Structures are given as structure tokens and as C-alpha cells.
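# Observations on the model geometry
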Amino acid sequence: MADTFQKLSAIRGMNDILPGDSAQWDKLEALVRDWLRSYGYRSLRTPVLEHTRLFTRGIGEVTDIVEKEMYSFTDSLNGESLTMRPEFTAGMVRATVEHNLIYERPQRVFAIGPVFRHERPQRGRYRQFHQIDVEALGFAGPDIDVELILMLARLWRTLGLTDIRLEINSLGSADERLAHRQALITYLEGFQDQLDEDGKRRLYTNPLRVLDTKNPALQTMADGAPRLLDFLGPESLAHFDGVKQRLDDAGVAYRINPRLVRGLDYYNLTVFEWVTDRLGAQGTVCGGGRYDGLIQLLGGKPAPAVGFAIGMERLLDLWTQGATIEPTPECDVYVIHQGEAGARRAAAVAETLRDAGLDVILHAGSPSFKSQMKRADASGAEFAVILGDDEIAADEASLKALRREAAVNQRRVPLAALVDVIIAELSQTDPD
Ligand code: HAM
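Just so it is clear, the structure is predicted and the values come from calculations on it, not from any experiment.

This part takes up the overall build of the protein chain. Each helix and strand counted, the protein chain has 16 helices and 16 strands in total. Against the 2.2 N^0.38 benchmark of 22 Å for 432 residues, the protein chain shows a C-alpha radius of gyration of 28 Å, more extended than a compact globule. With the C-alpha coordinates aligned to their principal axes, the bounding extent of the protein chain is approximately 90 × 65 × 45 Å. Residues classed as buried in the protein chain amount to 47% of the 432 residues present. Taking the contacts inside the protein chain whose residues are at least 6 apart along the sequence as the reference set, 70% of them involve residues at least 24 apart. Of the roughly 22,200 Å² of accessible surface on the protein chain, a fraction of 50% belongs to carbon and sulfur atoms.

The following block contains the structure:
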């Protein structure tokens, strides 16, 4: 009982999205859904909670996510280990396999929602964040890899983002990575005493990730390491050439970054990231690539796939930078009432206005006229409808224009004509 009245706060790195900001989220989400629909993507919603082994197997044991970032716990009812999804791909593939989704035809699917990673919070890095995740399941060719990249280029254009650049690489096939891995281990063994704890541990488990070092002293070592691109065979090279060719044809600029390896183990062939310098240290807005082995690894018949995820917080940060964001009105009409009769009539009037498709806030709370007018003004509504004793007695309402230069700022309108008058006025001067 001791802490009954103590103020509680949200978990660090898990943010509330307040009403003042949520309009911007809604707007972005609506825009994104239109964009996805225009490319034929349909939503696939999977649970937030999955068996831990889905992620250890899918993402890989020796990855930052699985080693230290998952929110996992034991279900006290049956002792199973469960995990809050740290990304969408593994769950999307699990659902695809479980429901036999791709054996008749390939699927273009997407999901938008929260994912969870126990990282150190800072700008652009949170413990609960949101992804727009897009997966093309059952497609093998470079054409679909490029479809995804072109889609993204279109989204950036729609949002007016210019300072965002594309980096691509190819991770080849499992055999090619194995040959490269042997060469890399031999090379890295020469630097063993310079590696930090993580590096030493990963030397034999995930040597590619050793090259991902942030340590400036190890840059020369990383720069001189054998490059995976030099180990690619003809098939992988042809796939990569197919991607590059199509990007050139479409006029999309890119940089080949031989060090781009991504932080999840399921990738092969094409990988890509979209990066900006305008978000500080966390500049990767979107990452993705091909994962042709994952469907089989999660128990399905072998089938190729490719996808990406956008970090929504980062995208919003970039999108809203420097832009003056007009507060979104809460409603079209704010209904003010005075006296007992006015209050009772107001509820019915508000419903009639809503029947006509208008967004209406019916005043509740303080009865003072002044404070009702203040609320009406703060709501961003175009009109206040005022119902006092006089108005009710005459079967009328007072209509007050709150934001526009009207010939008469306030006038009496018969209740029977109210909807028509408001709609006519809105359509006359409404810029939309
Ligand atoms: P990822 O690179 O781990 O890829 O995450 C995708 C995006 O999520 C990142 O580019 C970044 O924008 C955002 N992000 C990652 N961690 C955080 C964080 N802690 N806070 C805020 N934003 C973050 C994946 O998750 C793959 N499943 C993508 C994919 C889909 N590959 C194939 N299909």
C-alpha cells in the first residue's frame, strides 16, 4: 500500500505518443498504407509474442539482437520461453509456413507496429519502436529486390525527403560465405590481440560481424580484410548485376558498400540500407535484403524471399525536421450549450451533425459560456454551434464562424437547416 499514490512513469526507452503528436503518426501511417496498396501489398498481422526459439533460430544465436536485446520471459503457466518480437520478419515467415501461404502463389505482405529491443536509449534508438515491415515471399529474381528499392525511393519522394542515400551489397550464397569466412578467420587471427571482448568471441562464431567494429583503431584491419564480393560465384554475381542494372535503368543512385553485412543472420545475396546524415548517430532509416534460406530454416518447403523494415520514429523525425506542423483541428464543429434545455437538445443536435459526416465535439464540463467559447476556439473547429434558452425557444441555433472571415460572424439558423448551412459554408471556403 505504501506506494499507492506515487506517480508512475513509462519504462525507459518506451515512449508515449501524445495527442499533439499522434496526428502526425496517423498521417504518415495513412500515407504509407496508400503507398503499400499501390504496389499490391496486403497486411499480415502477427502476434507481438512468439516462442523465443523462433528468433534464436531465425535471427541467429550470435547476433546482438538474440544475445542481448530480446525481452524474453518464462510463461509461468507452462514454463515456455516467450519473447516480445524484436522484428517482424521471423514472425511473418512463421505465419506464412504455418498457414501454407505461398505454395499456390507468392505473397506481397506488410505489417506496421511496435517491436522491442533492449538497447541503450538515445535519439533514434528506443526499446519499443515501430517498424513498417514489408516482405515479398516466394520471389527469386533481382526484379523484386529492385521493386522494393524503387518503392522506397517513391516513398521518400512523396514525403519530400532528399538527404537519404542508398547503400547496397551482396552477401552471396551460404557456400560462398563459408569460403570467405575461412579466409576471414585466417586473416583476423593475425589481429587477435587487438580485438575487444566481442571481437574475440565472434572471431570463430560470426567473423563478418567483427568487421562491423566501431573502434577506429581497428579500421585499418577491417579495411584490409578479404571482401566477400571477391568470393561470389557466377550465379550470385549475375543476381547482383541484375540488381545494379535495374537500378541504373531506373536512375536510382546507390553506393556499393562491401562492408554492409546487416545485423541479422538470415540474409543472402542482396542487402541494402537507406541512410541519412540528418539524424545524428542513428542514421539508418531502412534496412533489408534477401533471405532465401529462412522459410526452410523455419520448417517450410524451400522458397526465396526478400523484404525490408523502416524505423518509423526515425522516418518521422526526418520528415518533420524543419517543417512547421499545423496543429490538426480536433473537430469541424464545437457545440456549446446553456441551461438545462440547451444541454438536452445539444446532444441530439450533435448526433444529427455527425449523421451528416461532420466531426463534432459536444461540450462537457464547465457551464460558463466564456470557458465553453475558449474550449471551442482551442479545438480548432471551424464553427461553434450555440444552444441557449433563446435559441431553443425559437427552434434555432446560433452559428459562429471561428476561423474564417464570414460576412456575418454570428447568426441565427433554424435547427432544421443547420446541417445544410454548415456543409454549404464548409464546402465554399474549405481549401480541401
Ligand atoms: P533492422 O535493420 O534490424 O532490420 O531494423 C530496421 C529498421 O528499424 C532500422 O533501419 C531502423 O530504422 C529501425 N530500428 C532498429 N532498431 C531501432 C531502435 N532501437 N529504435 C528505433 N528504430 C530502430 C530488421 O528488423 C529486418 N527485420 C528488416 C527486414 C525485413 N529484412 C527483411 N525483411
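What follows continues from the structure just given.
Here we take up the environment of Ile164. The topology assignment puts Ile164 in the loop between α5 (142-159) and β7 (165-170). Overall, the relative accessible area of 10% leaves Ile164 in the buried class. Put simply, Ile164 and Leu269 are 105 residues apart on the chain and 23 Å apart in space, counted from C-alpha to C-alpha. For Ile164, the contacting residues outside a window of four places in its chain are Trp156, Trp274, Val275, Thr276, Val285 and Leu318.

So, on to the pattern of salt bridges. By the definition in use, this model includes 27 salt bridges. Two residues, Glu351 and Arg354, come together in a salt bridge whose shortest N-O distance is 2.8 Å. Taken together, the residues span about one helical turn, with Glu351 and Arg354 both in helix α13 (residues 339-355) at a distance of 3 residues. The structure contains a network of salt bridges with shared partners spanning Asp64, Glu67, Lys68, Asp198, Arg201 and Arg202.

Close contacts around the ligand come from 27 residues, with Glu87, Thr89, Glu119, Tyr267 and Thr284 the closest. A distance of 2.9 Å separates a nitrogen atom of the ligand from a polar atom in the side chain of Tyr266. When isolated, the ligand has an accessible area of 650 Å², and the protein chains bury 96% of it. Of all the secondary structure elements, the ones that give two or more residues to the shell around the ligand are β6 (128-137), β10 (284-290) and β11 (305-311). Top contributing element to the shell around the ligand by residue count: β10, with 6 residues. Of the residues that constitute the shell around the ligand, the class distribution is 10 nonpolar, 9 polar and 8 charged.

Turning to the layout of surface pockets, a few remarks are in order. Taken as a whole, the second largest pocket holds about 780 Å³ of empty space. Those elements that place two or more of their residues in the lining of the second largest pocket are α2 (52-59), α6 (174-189), α8 (207-210), α10 (234-250), β9 (268-275) and α11 (294-297). Among the elements that line the lining of the second largest pocket, the one with the most residues is α6, at 5 residues.

As annotated in UniProt, the feature "binding site: L-histidine" (unreviewed entry) corresponds to Glu87, Phe88, Thr89, Arg117, Gln131, Glu135, Arg262, Tyr266 and Tyr267 in the numbering used here. Residues that both appear in the annotated list above and line the second largest pocket are Arg262, Tyr266 and Tyr267. In this structure Phe88 touches Thr46, Ala111, Ile112, Gly113, Pro114, Val115, Gln131 and Asp133, once residues within four positions along its chain are discounted. Mapped onto the elements of the fold, Arg262 is located in the loop between β8 (255-256) and β9. When sequence neighbours within four positions are dropped, the list of residues in contact with Arg262 reads Arg209, Tyr267, Val271, Phe272, Glu273, Gly287 and Gly288. In terms of polar contacts, Arg262 uses its side chain to reach the side chain of Tyr267, at 2.9 Å.

Reading guide: rules and limits
Residues numbered from 1 in each chain as written. Predicted model: local features only at pLDDT ≥ 70, side-chain atom pairs only at ≥ 80, totals over all residues. Heavy atoms only, no water. Helix = DSSP H or I, 4+ residues; strand = E, 2+ residues; numbered from the N terminus. Rg over C-alpha atoms; globule rule 2.2 N^0.38 Å. Buried < 20%, exposed > 50% of the residue type's maximum accessible area, 1.4 Å probe, protein only. Contact = heavy atoms within 4.5 Å. Areas by Shrake-Rupley, 256 points an atom, 1.4 Å probe, with all protein chains shown as cover. Salt bridge = Lys/Arg side-chain N within 4 Å of Asp/Glu carboxyl O. Near = heavy atom within 4 Å. Polar contact = N/O pair within 3.5 Å; in protein donor to acceptor, adjacent residues only side chain to side chain. Nonpolar A, V, L, I, M, F, W, Y, C, P; charged D, E, K, R; others polar. 1 Å grid on protein atoms, 1.4 Å probe; cavity = no way out; pocket = protein on both sides within 12 Å on 5 of 7 lines; lining within 4 Å. Points joined across faces, edges and corners; volume = space filled by probe spheres on them. UniProt positions renumbered as here; feature names shortened; annotations may be inferred.

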